Amino acid sequence: MSIYFLALLIGVVAGLRAMTAPAAVSIAAAAGWLPVTATWAAFMGFRFTPYIFGLLALVEFVTDQLPSTPSRKVPQQFGARIVSGGFCGAVLGTAGGSLIGGLIAGIIGAVIGTLGGYEARKRLVAATGGRDLPIALLEDVVAVLLALWVVSSVL
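Note that the structure is predicted; figures quoted are calculated from it, not measured.

**Describing helix α2 (residues 20–31)**
Item 1. Under the 1.5 Å per step criterion, the end-to-end length of α2 is 16 Å for 12 residues, consistent within 8% with the ideal 16 Å.
Item 2. Within α2, nine of the 12 residues are buried, leaving the element largely enclosed by the surrounding structure.
Item 3. Structurally, α2 contributes buried residues whose contacts are with α1 (3–16), α3 (49–64), α4 (75–96) and α6 (132–152).

Quick look at the structure:
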């Protein structure tokens, strides 16, 4: 599978859930699925990195359900997703021998995931009579499963 395609998909994950992508990438690095030990991204495989990113992902899962959470399209949220997607794409790109290509693919994927995820959620919520919680939980599951599939497909 092309490293660029996988970097694009991890960017899509970041667009759906900004912290799920780095959590999955750090778990993969710590498990040895991503060969990043002798690179700038080696810290992603350190012992506590998956716990830190995992905790941040869990916090994001909870806060996403709150009615006071701003839209993913506001500049701060959108920017965080782009940074997360670019960073995770760069880590995958580094593992595959193309840091810059992975970075760019991750950013593009984050834009796709942010805007596409917003539209999909909005339409599914409307189709279910305005019930957001089941759709938000479905989006969580999609993000986690896609992230795990991507990081397990790198090697």
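Don't stop here, the text continues.
**Focus on the pattern of salt bridges**
Item 1. Inspection of every chain in the model, using the stated rule, returns nine salt bridges.
Item 2. Two residues, Arg17 and Asp64, come together in a salt bridge whose shortest N-O distance is 2.8 Å. Placement of Arg17 in the loop between α1 and α2 and of Asp64 in helix α3 is noted, with a sequence separation of 47 residues between them.
Item 3. On the accessibility criterion, Arg17 (1% relative accessible area) is buried.
Item 4. When the shortest N-O distance is used, the salt bridge between Arg123 and Glu119 registers 3.4 Å. You can see Arg123 and its partner Glu119 sitting in helix α5 (residues 99–127), four residues apart, about one turn around the helix.
Item 5. Relative accessible area serves as the criterion here: at 29%, Glu119 is assigned to the partly exposed category.
Item 6. Three or more residues are tied together by salt bridges with common partners; here these are Arg17, Asp64, Arg72, Arg121, Asp132, Glu139 and Asp140.

**Remarks on the packing of aromatic side chains**
Item 1. The tally for this structure, following the rule as stated, stands at three aromatic pairs.
Item 2. For the pair Phe48 and Tyr51, a centre-to-centre distance of 6.5 Å together with 50° between the ring planes defines the contact as tilted. Taken as a pair, Phe48 and Tyr51 share a single burial class, namely exposed.

**Examining the environment of Tyr51**
Item 1. Its location among the elements puts Tyr51 in helix α3.
Item 2. Here Tyr51 falls in the exposed class, since its relative accessible area comes to 60%.

Thresholds applied
Counting of residues starts from 1 at the beginning of each chain's written sequence and follows it residue by residue. Under the rules for a predicted model, residues below a pLDDT of 70 receive no local features and side-chain atom pairs below 80 are neither given nor counted, while totals for whole chains, interfaces and linings still include all residues. Water and hydrogen atoms were dropped before computing side-chain values, which therefore reflect all heavy atoms in the structure. In this text, helices come from DSSP runs of H or I with a minimum length of four residues, and strands from runs of E with a minimum of two, each type numbered from the N-terminal end. How far a helix is expected to stretch is found by multiplying one less than its residue total by 1.5 Å. Per-residue accessibility, obtained with a 1.4 Å probe over protein chains only, is compared with the maximum for each type, and a residue is labelled buried under 20%, exposed over 50%, and partly exposed between these values. Only heavy atoms matter for contacts: two residues are in contact if any of them lie within 4.5 Å across the pair. Just to be clear on terms, a salt bridge is a Lys or Arg side-chain nitrogen sitting within 4 Å of an Asp or Glu carboxyl oxygen. For Phe, Tyr and Trp, rings pair up if their centres lie within 6.5 Å, where Trp contributes its six-membered ring, and each pair is then called stacked (planes under 30 degrees apart), edge-to-face (over 60) or tilted (otherwise).

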